[in-house]
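Structure assessment
The chain contents come next:
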Amino acid sequence: MTSAHPLLAQARRLADDLLAPHAEQVDQAEVPVGHLTEIRRSGLLGLNAPHEYGGAAAPGAVVRETAEILAGACCSTWFVQTQHHTPVLTLVRSEGPVRERLLGRLATGELLSGVAYAHLRAYPRTPVRAARERGGWRFDGTVPWYTGWGLNDVMLLAGITEAGEALFAFAEAREQPGLRASAPLRLAALTAARTVSLALDGLWLPEEAVALRTPYETWSTADRLKTVNANPAVFGITKTALTLLDEDTAAPLRTRLTEIRDRAYALADTAPAQEHLVERLALKTQACEVMRAATTAAVVTGGGRTMLLTDSAQRLARESLFLLVQGQTRESRRSHVNALVR
């Protein structure tokens, strides 16, 4: 049974003993290195990695529930560590030498990785360009959002080549020739996750740093299939918000949440990724609407005190706003807006 998986026990322990008790303080400051040290030690960073590289190769149900637990306890900490899993999965599919150099170190938590690729969804605009230079690749442009600056060891950086390919390569997550970070951005939610913008002016990476090079359309098709699914973090935030409500208020929202979660996860587990796209996107939107209702109800229930920045209900409401736009594509944005105005 997935509920007995040892990594779920680790996630619950971290959530109960460390993340949730300090969530309000973290929200007003930044994700502590100590939080990430405990996550590194826990084995959770190897959820998706193969056993032979020190990972857990956990089933999808465990990966999703882990995200629910961590996001529901401290969304800022969840968001920093969740960046790590895309680089791991990218290396799993990579055939380049960077796989052997980094996959084991990422799987065991020796290294923590961030990602700098969301700008690819702006195509045909190309905020970051990758061009051949000196046997490697030169990156120029601007990464609008990079989370975990000062906390991550490495980053998975993406750019568009002259041939219209999406190229992903690993770089050290620090200022260096050709890479400069802004001051941490002040955001309505998750400022604690240390998000910056990155200015790239001739950052050079060797060919050996490349993890993936593929036609943009191939990458974009796979990306769209992932972004139509409901985000487990939405269920985690909603579950926590429901604990702030009396049972009469929480019960109908919990019933609705369970129905949506069961349907969304059943599709994820049983249907090919390219099927039921309309239904998946509808469930994603419905999950967000239940989250919005639950967090709003928590604010209303709490009254005036919820306007204090140290209040849990208000923090959850702001985190829910963040999850409405995190990982958003034109398609998901259109679907959600259409649902709101019906």
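Residues numbered from 1 in each chain as written. Predicted model: local features only at pLDDT ≥ 70, side-chain atom pairs only at ≥ 80, totals over all residues. Heavy atoms only, no water.

**Concerning the nonpolar core**
- Residues Trp-78 and Leu-323 are the most contacted members of the largest nonpolar core, which totals 64 residues.
- Ranked by residues supplied to this core, first place goes to helix α11 (residues 277-302) with nine residues.
- Ignoring sequence-local partners within four residues, the contact set of Leu-323 consists of Trp-78, Asn-231, Ala-233, Val-234, Ile-237 and Met-291. (Core = buried A, V, L, I, M, F, W, Y, C linked by side-chain atoms within 4.5 Å. Buried < 20%, exposed > 50% of the residue type's maximum accessible area, 1.4 Å probe, protein only. Helix = DSSP H or I, 4+ residues; strand = E, 2+ residues; numbered from the N terminus. Contact = heavy atoms within 4.5 Å.)

**What about the pairing of strand β3 (residues 136-147)?**
- Where strand β2 (residues 128-133) lies against β3, six bridges are found, and the strand directions are antiparallel. Considered in β3, the bridge of Ala-131 is made with Arg-138.
- Here β2 folds back onto β3, and the loop between the two strands holds two residues, one of which, Arg-134, carries a positive phi near 50 degrees.
- Pairing between β3 and strand β7 (residues 195-206): 10 bridges, direction antiparallel. (Pairing = 2+ DSSP bridges.)

**A closer look at the side chain of Thr-306**
- By the secondary structure assignment, Thr-306 is in the loop between α11 and α12 (312-325).
- Of the polar contacts made by the side chain of Thr-306, one reaches the backbone oxygen of Gly-303; its length is 2.7 Å.
- Beyond its immediate stretch of four places on either side in the chain, Thr-306 contacts Ala-298, Val-299, Asp-311, Ala-313 and Gln-314. (Polar contact = N/O pair within 3.5 Å; in protein donor to acceptor, adjacent residues only side chain to side chain.)

**Describing the packing of helix α4 (residues 60-73) against helix α9 (residues 232-242)**
- Orientation of α4 relative to α9, taken along the N-to-C sense of each, is 45 degrees, at an axis distance of 7 Å. Comparing their axes, α9 and α4 come out oblique. Viewed along their axes, α4 and α9 form a crossing whose handedness is right-handed. Residue-level contacts link Arg-64, Ala-67, Glu-68, Ala-71 and Gly-72 of α4 to Pro-232, Ala-233, Phe-235, Gly-236, Ile-237, Lys-239 and Thr-240 of α9.
- Looking at the contact of α4 with α9 residue by residue, the classes come out as six nonpolar, three polar and three charged. (Axes fitted to C-alpha atoms, helices over the stretch in contact; angles between N-to-C directions. Parallel < 35°, antiparallel > 145°, perpendicular 65-115°, else oblique. Left-handed = near helix turned anticlockwise from the far one by under 90°. Nonpolar A, V, L, I, M, F, W, Y, C, P; charged D, E, K, R; others polar.)

**Overview of the pattern of salt bridges**
- Considering all chains together, one arrives at 24 salt bridges under this definition.
- Note that Glu-65 is salt-bridged to Arg-12, the shortest N-O span being 3.0 Å. With Glu-65 in helix α4 and Arg-12 in helix α1 (residues 6-19), the pair connects residues that are 53 residues apart, well separated along the chain.
- Given the relative accessible area of 31%, Arg-12 is considered partly exposed.
- Residue Arg-263 pairs with Glu-279 through a salt bridge whose shortest N-O separation is 3.9 Å. Taken together, the residues span a long stretch of sequence, with Arg-263 in helix α10 (residues 247-270) and Glu-279 in helix α11 at a distance of 16 residues. (Salt bridge = Lys/Arg side-chain N within 4 Å of Asp/Glu carboxyl O.)

**Structural notes on the packing of aromatic side chains**
- As enumerated under the stated definition, the model contains nine aromatic pairs in all.
- Ring geometry for Tyr-123 against Tyr-216: centres 4.1 Å apart, planes inclined by 25 degrees, an arrangement best described as stacked. Linking Tyr-123 in the loop between β1 (113-116) and β2 with Tyr-216 in helix α8 (residues 216-227), this pair joins segments that are 93 residues apart in sequence.
- Classification of Tyr-123 as partly exposed rests on a relative accessible area of 25%.
- Between the aromatic rings of Tyr-216 and Trp-219, the centroid separation amounts to 5.8 Å while the plane-to-plane angle is 45 degrees, which identifies the pairing as tilted. Residue Tyr-216 and its partner Trp-219 are located together in helix α8, separated by three residues, close to a single helical turn.
- Judged by its relative accessible area of 8%, Tyr-216 falls in the buried class.
- Through pairs of rings, three or more aromatic residues link up here, namely Tyr-117, Tyr-123, Phe-168, Tyr-216 and Trp-219. (Phe/Tyr/Trp six-rings, centres within 6.5 Å; stacked < 30°, edge-to-face > 60°.)

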